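Each chain, written out:
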Amino acid sequence: MLKRNMISTAGCLLLFAASLFTGCSGGGGGGSTPAPSQPVVDAATMSNETLSAVSLRATDIKVTINSPPVVTFKLLTAAGNPIKGLGIASTSTPTSLNYMRFTIAKLVPGTNNAPDQWVNYLVTATSRPTTENVAAGLVDNGDGSYTYTFAKNITDPTQTNGVTYQPTLTHRLAIQISGTIPGTAITLANPANIIYDFIPATGKAVSATDTQREITLTAKCNECHEKLAIHDGGRVDTRYCVVCHTDQRKIGRTNSASTGGVFTGTTYIADGEVQGDFAIMVHKIHMGNRLTKTGYDYQGVKYNDIGYSMIDGQINCLKCHVKSDAAPQGDNWKAKPSRAACGSCHDNINFVTGANSKAGGAVHIIQTSDANCSTCHTTANITEMHASENDTPNKTMLKAGLVNFTYEIKNVSVSTDNQPVVTFRILKNGTPVTFDGSGSNPLVGFTGAPGFLVTYALPQGGITPIDYNNLGRSAAQPATVGIDKLLDGTQGTLSAPDASGYYTATINGASNAARFPANATLRAVGLQGYFTQAAGTNGITTATGRHTTSVIKAVTGDAVRRTVVDSAKCAKCHEFFEGHGGSRNYNMQICVTCHNPNLTSSGRTVNATLTSQAEKAKLAAAGYNPDDSSAWPEASNNFKDMIHGIHAGSKRAADGAPYRFVRNRNNGLYYDWSKVTFPGILKNCESCHVAGTYSGTPANTLVSTNITLGAGTVTQNRASVPNTTDNIIPGFTSVCISCHGSANAGAHSVSMGGTTLAGQLRSVANAETCAACHSAGKTVDAATVHRR
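About the cut-offs
- Residues numbered from 1 in each chain as written.
- Predicted model: local features only at pLDDT ≥ 70, side-chain atom pairs only at ≥ 80, totals over all residues.
- Heavy atoms only, no water.
- Helix = DSSP H or I, 4+ residues; strand = E, 2+ residues; numbered from the N terminus.
- Buried < 20%, exposed > 50% of the residue type's maximum accessible area, 1.4 Å probe, protein only.
- Contact = heavy atoms within 4.5 Å.
- Pairing = 2+ DSSP bridges.
- Axes fitted to C-alpha atoms, helices over the stretch in contact; angles between N-to-C directions.
- Salt bridge = Lys/Arg side-chain N within 4 Å of Asp/Glu carboxyl O.
- pLDDT = per-residue confidence, 0-100.

**Q** Help me understand the side chain of Thr 593 in this model?
**A** Mapped onto the secondary structure, Thr 593 falls in helix 12 (residues 588–594). For Thr 593, a relative accessible area of 0% corresponds to the buried category. Excluding anything up to four places from it in sequence, Thr 593 contacts Leu 453, Thr 455, Tyr 468, Asn 470, Ala 476, Pro 478 and Ile 552.

**Q** Got a minute to help me understand the environment of Asn 81 in this structure?
**A** For Asn 81, the location among the structural elements is in the loop between strand 3 (70–77) and strand 4 (83–84). Between the alpha carbons of Asn 81 and Gly 144 there is a distance of 8.3 Å; along the sequence they are 63 residues apart. Once residues within four sequence positions are removed from consideration, Asn 81 is found in contact with Gln 38, Pro 39, Val 41, Leu 75 and Leu 76.

**Q** Help me understand the sheet that holds strand 8 (residues 145–149), please; the structure alone is not making it clear to me.
**A** Two strands in a sheet stick together by hydrogen bonds in their backbones, pointing the same way (parallel) or opposite ways (antiparallel). Judged by pairing direction, the sheet is antiparallel, and its four strands sit side by side in the order 2-3-8-7 without closing on themselves. The sheet is open, and its two borders are formed by strand 2 (56–64) and strand 7 (138–140), each paired with just one other strand. Taking each pair of neighbouring strands and ignoring which way they run, the sheet shows an average axis angle of 20 degrees.

**Q** Looking at this structure, I do not really get the environment of Ser 440. What am I missing?
**A** Mapping Ser 440 onto the fold places it in the loop between strand 17 (431–432) and strand 18 (446–447). The spacing of Ser 440 and Gly 451 is eleven residues in sequence and 11 Å in space, taken between C-alpha atoms. Residues in contact with Ser 440, not counting those within four places in the same chain, are Gly 448 and Asp 484.

**Q** What's the story with the pattern of salt bridges in this structure? I'm lost.
**A** Should their charged atoms come close, side chains of opposite charge can pair. Overall, the coordinates contain 22 salt bridges when judged by the stated rule. For Lys 336, the salt bridge is made with Asp 116, and the minimal N-O distance between the two is 3.9 Å. Here Lys 336 is found in the loop between helix 6 (332–335) and helix 7 (339–345), whereas its partner Asp 116 is found in the loop between strand 5 (100–108) and strand 6 (117–120), with 220 residues between them in sequence. By relative accessible area, which is 27% here, Lys 336 ends up partly exposed. The salt bridge involving Asp 655 is made with Lys 651; its shortest N-O contact spans 3.1 Å. Among the residues examined, Lys 651 registers a relative accessible area of 28% and is labelled partly exposed.

**Q** Honestly, the environment of Asp 325 in this entry has me stumped. Any pointers?
**A** Considering the arrangement of structural elements, one finds Asp 325 in the loop between helix 5 (278–287) and helix 6. Overall, the relative accessible area of 81% leaves Asp 325 in the exposed class.

**Q** Got a minute to help me understand the sheet that holds strand 12 (residues 255–256) in this structure?
**A** Spatially, the three strands line up as an open sheet ordered 12-13-14, and their pairing is mixed. Two strands in the sheet have a free side with no partner beyond their single neighbour: strand 12 and strand 14 (273–274). Summarising the sheet, strand 13 (residues 269–270) and strand 14 pair through two bridges and their orientation is antiparallel. Bridging across to strand 14, Ala 270 finds its partner in Glu 273.

**Q** Please clarify how the confidence of the model for the protein chain should be interpreted in this entry.
**A** When pLDDT is low, close inspection of the predicted coordinates is not appropriate. With 94% of its residues at a pLDDT of 70 or more, the protein chain shows a mean pLDDT of 90. Low pLDDT, under 50, characterises residues 1–34; the stretch is placed with 97 contacts to residues that sit more than four places away or in other chains.

**Q** When you look at unusual backbone geometry in this model, what are you seeing that I'm missing?
**A** A negative phi angle characterises most non-glycine residues, just as the trans form characterises most peptide bonds. Residue Pro 722 follows Val 721 across a cis peptide bond; omega there is 0 degrees. If you trace the backbone, Pro 722 turns up in the loop between strand 31 (704–707) and strand 32 (727–729). Notably, Asn 429 is not glycine yet its phi reads approximately 50 degrees, a positive angle. Secondary-structure assignment places Asn 429 in the loop between strand 16 (420–428) and strand 17. Of the residues examined, Asn 429 reaches a relative accessible area of 48% and is grouped as partly exposed.

**Q** Even after reading the chapter, I still don't get helix 14 (residues 639–647), so can you show me in this structure?
**A** Each α-helix winds once per 3.6 residues, and so residues spaced three or four apart point in a common direction. Most of helix 14 is tucked away: seven of the nine residues are buried. Those residues of helix 14 that are buried are in contact with helix 11 (567–574), helix 12, helix 15 (649–654), strand 31 and helix 16 (731–737).

The following block contains the structure:
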């Protein structure tokens, strides 16, 4: 029972219990008093398993400050039982509390339009904001209530490095309850961060009319991170983060000045910016490889190496900042601009000199304070500058003048000679369009057009597969037919729209290539691609692609390809996933039509010297001959292999099996996913998957083609996949080793009839027995071992 990965070496692999923060910051002492009938439970007598799994909340919080602050509070389990026995002390000298830590800060209002700032009292001339956990300061009252007396007298500025006690300001008490059960290696699986905002002068909790600084919510972070858990996993609430990650992180540090925009060494203070200040640090991390300056290194975090997965990337302020009752300052990003907040992303601007280090960048007005920021950067201006070009599910800002399209497929049938017959319509800002253009631009005011994608499955390897395989087509890719080719009659016909705006398309493609094979199954048609809104249309100044959610519909009466991935879950991190330049978007059921088991990366078909010096350098640095395409890495691009390999990128690299390949684009593009770090909980399959779809592999799953025509061959023939001389990875094995790439994992796989990541010749007999242990309900069911 203790082997269910309740312990996380990264401190980020644990989930919040549903009741973790209930009552942690409520008014009047932080919650209601439990009913007298609720018995007190004793942590000291709980089993290790029970104590590890306990979820805590706090009530009856009070803080008295006459000299050292005195804190009283009661801890309750999720069931409402008061819990005693958490005041255990360490055996080290001096003794400290094993489970509890305390810190306290004040909120200082900004001047000249500067942001309000948290200022921590627990600092010295040489030490930055910290916590207290002095064992002698805590009294366990035995009824679930505790009293803690701080060691530091915060009313005495000689003990706080000059930080003065200001009882009329908003103050924040933060209590951290986490740690390891003594005598074990077992941690509390659900650390609690108890946050209590109050005003010492009145003794009351902060209300909506008092000064607050609630910019973001932990729940917003956890849309990507699932469980934000920092500093050995004990700090799980951004409201806690901000009282230690203040401007005071500069104490005891020296400035690192860049030369030509390049830093060397550690950058605790970088060109005057305090990198540990929460707003600066988080903005820098998420700006990552789009920062102008390079060489950032804050405590080993190298900002410039970090990618950001959100569509529209760093302009999407609403991903983290949304005004609400819980975050009343959530719109400060546009309502209260500052040099620190804006400059943390736009690090090319030197506000002291006005210099802009970006090539061709406009010189900025010198700013010695934040007083005038909002004069130029109004709320409307900032909103427009951070608006999106795409109408994404979680984004509410769209650049002025842009129109939105919606695709709908009402029905797909098949003609007597196997032509797909598709009833569809396209809506522009909610109104059905009528194609009124000409040539390759069927809609006036727009260039280009979406098109249809025709996919299917045929028997392969003695089975009727449950995956699309597009057998008989080059590289197993579905046929595509543009709407313009239907309008001109070269690849089918298009009816006039009916009263509801639906057209009927009968598709044959060039030389009837888009007809379904006579014995095909899983027949389906997708609508993908996009219009580009021409400059001048609806007042826009620059031609802009109108990337639109792709749709797919099965032929009526055919089996529908199973849904394994929830596209909305992808959107939590990616906002609006775009593939292939924005042609195939959001809907993962479109992705699997092309990224099917017969598809590998295409790089070794280039058979030419790379023209890009940058790509040649990357290949050479990785140990490949950039002038010999037959030696370039090839790998499965089957959707499950590819997505697992990408999301487990850094793990695979650490295992010595980086996920790499070259694609035949622009004479070869090299992809190395080794630096990809999954922001959430990698072992949580339901981060992406629909529940119940990841235990074992369904019957009639195809093997994944991994290398075409065997390893190291020069002649490639992806046009006729599958070939008996391909290297393949069996269906069950491919799921596991695409994440678990170590030599030990490969050896285990081989011992059970699977393969290593290199695969095996398709003609070799395969009899993987993984399902005996790893399928649903078995001893090592994936759903069990990947439990969060």
